[in-house]
Amino acid sequence: MTFTDELREVAAPIWDATMEHPMVRGIGDGTLDEEPFREWVRQDYVYLIEYGRVFALGAAHAPDLDRMGRFATLLHETLDTEMDLHRAYAAEFGVSEAELEATEPNPTTRAYTDFLVRAGHEGFEETVAALLPCMWGFNETGLRLAEAGVPDHERYAEWIETYSGEEFTELTAWCRELMDDVAADAPEPDRERYRELFLTSSRYEYMFWDAAYRREGWPV
Ligand SMILES: Cc1ncc(CN)c(N)n1
């Protein structure tokens, strides 16, 4: 069993709960109301800005040119391809790029991105472990929804096609290989730290969907 197989097994209850979340189910069968999805687009846009920053930190910490280049590619894919999807959704909703960018992060978005940026400052290996559920989780969600049948709803079909697409799938496979390489020579206390980071990100992934669904805000 590879290290990433082991991570996937440990995180299974969280990932299963994510697949069962009404946001994810609603994208899958095309029944999700527009308002929670709009909220997800806004929150995810500001999430992706910080997520891109973490790829930049990964590039800065990368031990060799190959890995530096891959992180630069991941940053580029996030800022251009992935965020283009969000900009297109926002345009459909009549929301400008400036308005999107000015979204106030809800408490979960704030906590999740702060956690990722902190991992990005810890070091290369920690960055890889904390980022892996973001790439892999969305790719697996997209693939599982696509397998169940793309809904007859243009917006949600596009979401599924983006995250289950070849590009996203290849980048996810590379991130898994990278995690397995990093863990192969690591002593057990380091591997335990990677497990902890992976699990925390997985939990935040679930919470991120839920916060958009509940239109979470600051209590006061
Ligand atoms: C919260 C979250 N996690 C992951 C992804 C995939 N990049 C995303 N867009 N948003």
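Look up a bit, the structure's there.
What counts as what
- Residues numbered from 1 in each chain as written.
- Predicted model: local features only at pLDDT ≥ 70, side-chain atom pairs only at ≥ 80, totals over all residues.
- Heavy atoms only, no water.
- Near = heavy atom within 4 Å.
- Polar contact = N/O pair within 3.5 Å; in protein donor to acceptor, adjacent residues only side chain to side chain.
- Areas by Shrake-Rupley, 256 points an atom, 1.4 Å probe, with all protein chains shown as cover.
- Helix = DSSP H or I, 4+ residues; strand = E, 2+ residues; numbered from the N terminus.
- Buried < 20%, exposed > 50% of the residue type's maximum accessible area, 1.4 Å probe, protein only.
- Contact = heavy atoms within 4.5 Å.
- Phe/Tyr/Trp six-rings, centres within 6.5 Å; stacked < 30°, edge-to-face > 60°.

### What about the site of the ligand?
Inspection of the region around the ligand gives Asp44, Tyr47, Leu48, Tyr51, Glu82, Cys134, Phe138, Tyr163, Glu205 and Phe208 as its neighbouring residues. Taking Tyr47, its side chain carries an N or O atom lying 3.4 Å from a nitrogen atom of the ligand. Residue Glu82 places a side-chain N or O atom 2.7 Å away from a nitrogen atom belonging to the ligand. Taking 290 Å² as the accessible area of the ligand by itself, protein coverage stands at 100%. Every element with two or more residues in the shell around the ligand is listed here: helix 4 (34-61), helix 8 (124-148) and helix 11 (188-213).

### Focus on the side chain of Glu216
As for its placement among the helices and strands, Glu216 is situated in the segment after helix 11. Since its relative accessible area comes to 17%, Glu216 is described here as buried. Within the structure, the side chain of Glu216 is placed 2.8 Å from the side chain of Thr108, a separation counted as a polar contact. In this structure Glu216 touches Asn106, Pro107, Thr108 and Ala211, once residues within four positions along its chain are discounted.

### Notes on the packing of aromatic side chains
One pass over the full model with this rule turns up 24 aromatic pairs. Summarising the aromatic geometry, the rings of Phe71 and Phe124 are spaced 5.4 Å apart at their centres and angled 65 degrees between planes, so their arrangement reads as edge-to-face. Here Phe71, found in helix 5 (residues 65-92), pairs with Phe124, found in helix 8; they are 53 residues apart in sequence, far enough to count as distant. On the basis of relative accessibility, which here comes to 2%, the residue Phe71 falls in the buried class.

From the geometry alone we can't say anything about function, so treat these as descriptive.
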